[in-house]
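An overview of the molecular structure
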Amino acid sequence: MKPLRSASAAVKVKLSSIQGCIPVRHPEVALSIEVYHNVRNWVKTQEFLVLGQQTLTELRDKIYCLTDKDQETDGQHNHSGYFLIEDTFYNDLRDPSAIDYSEPIFDWLSNSKDDALKKWECILAGKMQKHKKAVVGDITGSKLPRFQAADMHKTQFCNLKFQLGAGYLYCHQGDCRHTVVIRDMRLLHPEDIQNRAAYPILLFQLKLHVQKCRVCRIYRATKMTVNDKWTPENPCYFCDNCYFLLHYTKDGSLQYQDFEVHDYHHDQPR
Ligand SMILES: [Zn+2]
Ligand SMILES: [Zn+2]
């Protein structure tokens, strides 16, 4: 097992980007937390070093997901979200428009008890290996966990009940789901950054591949067109400037409309 990396040695934190200085109170615990891709769920996209006294929302605000970006550009950004850790849903209800995502789940659990129990038994059976099953026998008669809800912004990591290495759930923008794993924990030591405002520290970020504009071949692409008759490839990528030069007349009207255009941020990780 690799030892938990020290934040000061392994990671260059942009000190200029940190606002304020809040001394860390000792003793303090540091947790390394991994976040996985929503579709390619075996791909780790980020890893953070979080302090025990930080709230779950402090981590949530640092999680990067393309779904947030896409919803933002469509003007449909949704602030709701939750972590499911052990048997508790930690809902982010800071924004007045946020929805309690756990409510319909609780309704379903109380209205469809038999269905819920069957699903739960399937989950447990899937986890049990065949030889164990032969020894233990059938698992009917098992009980559903007593799920509960709590506020994400009022819960600190030091008050969480969790198991190291277990897969937990982060859900946002309706049904964009990520596995979250608390990989390791240790006491904070003097070599670590002692400014609380610097945490959660990004220990790892999956390198995101960004296409260049196909016209100038200089700038990052910001638009992607599909079935565009004047482009040499399909889909084709443009920076803002080249996109407007190719598709609009001088007086600002679109020259042709039989194509699709999308905002482009980066490729999906493989
Ligand atoms: Zn997501
Ligand atoms: Zn360009």
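Please refer to the structure higher up on the page.
Read on for an overview of the structure. Everything quoted here is computed from the prediction, not taken from an experiment.

**What about the coordination of the zinc ion (ligand 1)?**
Surrounding the zinc ion (ligand 1) are the protein donor atoms Cys-65 (SG), His-172 (NE2), Cys-176 (SG) and His-178 (NE2), at 2.0 to 2.2 Å. You can call His-172 buried: its relative accessible area is 0%. Taking the relative accessible area as the measure of exposure, Cys-176 reaches 5% and is therefore buried.

**A look at the coordination of the zinc ion (ligand 2)**
The zinc ion (ligand 2) binds to the protein through Cys-213 (SG), Cys-216 (SG), Cys-239 (SG) and Cys-242 (SG); the donor distances cover 2.2 to 2.4 Å. Each of the four donor atoms bound to the zinc ion (ligand 2) contributes to angles spanning 97 to 120°, and the resulting shape is tetrahedral. Each donor residue of the zinc ion (ligand 2) lies on one chain, and together they are spaced C-x2-C-x22-C-x2-C. Relative accessible area serves as the criterion here: at 5%, Cys-239 is assigned to the buried category. For Cys-242, a relative accessible area of 10% puts it in the buried group.

**Observations concerning the packing of aromatic side chains**
Per the stated rule, a full pass over the model turns up twelve aromatic pairs. Centre to centre, the rings of Tyr-243 and Tyr-248 are 6.3 Å apart; their planes meet at 65°, and the pair counts as edge-to-face. Since its relative accessible area comes to 4%, Tyr-243 is described here as buried. On the accessibility criterion, Tyr-248 (26% relative accessible area) is partly exposed. Look at Tyr-256 and Phe-259: their rings are 5.2 Å apart centre to centre, the planes differ by 50°, and that puts the pair in the tilted class. Each member of the pair Tyr-256 and Phe-259 is classed as buried. Three or more aromatic residues joined by ring pairs make a cluster, and in this case those are Tyr-82, Phe-89, Tyr-101, Phe-106 and Phe-147.

**Details of the sheet that holds strand S3 (residues 81-85)**
Taken together, the eight strands give an open sheet; going across it, the order is S5-S4-S3-S6-S7-S1-S2-S8, and neighbouring strands pair in mixed fashion. Across the chains shown, the open sheet's two edge strands, defined by having one partner strand only, are strand S5 (148-151) and strand S8 (201-205). Taking the axes of each pair of neighbouring strands and ignoring which way they run, one obtains an average angle of 25° across the sheet. Note that strand S1 (residues 29-36) and strand S7 (residues 176-187) share seven bridges and pair antiparallel. The partner of Ser-32 across the bridge, within S7, is Asp-184. Sheet strands touched by helix H4 (residues 102-111): S3, strand S4 (88-91) and S5. Its angle to S4, the strand with the most contacts, is close to 155°.

**Things to note about the pairing of strand S9 (residues 223-226)**
Side chains Lys-223 and Thr-225 of S9 all project onto a buried face; the interleaved residues Met-224 and Val-226 project onto the opposite face, where all are buried too. Two strands pair when backbone bridges link them, and S9 and strand S10 (residues 236-238) are joined in this way by three bridges, in the antiparallel orientation. Within S10, the position partnered with Lys-223 by the bridge is Phe-238. Judged from the four bridges that link them, S9 and strand S11 (residues 260-263) form a sheet pairing that is antiparallel. Counterpart to Thr-225 in the pairing with S11 is Val-261.

**Comments concerning the sheet that holds S11**
Overall, antiparallel pairing links the three strands, which are arranged S10-S9-S11 in an open sheet. Edge strands, defined here as strands with exactly one partner in the open sheet, are S10 and S11. Here the strands of the sheet are splayed against their neighbours by 25° on average, with no regard to which way each runs. Contacts from helix H7 (residues 240-247) reach S9, S10 and S11 within the one sheet, and its direction differs from that of S10 by about 110°.

**Observations regarding the nonpolar core**
Counting 19 residues, the largest nonpolar core has Ile-33, Leu-56, Leu-59, Phe-83 and Phe-157 as the members making the most contacts within it. Looking at this core, the elements with two or more residues in it are S1, strand S2 (44-51), helix H2 (56-60), S3, strand S6 (167-172) and S7. In this view, Leu-56 contacts Phe-83, Ile-85, Tyr-90, Met-152, Thr-155, Gln-156, Phe-157 and Leu-160; residues no more than four positions away in its chain are not counted. Counting eleven residues, the second largest nonpolar core, distinct from the first, contains Ile-18, Ile-193, Tyr-199 and Ile-201.

The rules we used
- Residues numbered from 1 in each chain as written.
- Chains lettered and ligands numbered in written order.
- Predicted model: local features only at pLDDT ≥ 70, side-chain atom pairs only at ≥ 80, totals over all residues.
- Heavy atoms only, no water.
- Donors = N, O, S within 2.8 Å, 3.2 Å for Na, K, Ca; no water.
- Buried < 20%, exposed > 50% of the residue type's maximum accessible area, 1.4 Å probe, protein only.
- Tetrahedral: all angles 85-135°; square planar, octahedral: opposite > 155°, others 65-115°.
- Phe/Tyr/Trp six-rings, centres within 6.5 Å; stacked < 30°, edge-to-face > 60°.
- Pairing = 2+ DSSP bridges.
- Helix = DSSP H or I, 4+ residues; strand = E, 2+ residues; numbered from the N terminus.
- Axes fitted to C-alpha atoms, helices over the stretch in contact; angles between N-to-C directions.
- Contact = heavy atoms within 4.5 Å.
- Core = buried A, V, L, I, M, F, W, Y, C linked by side-chain atoms within 4.5 Å.

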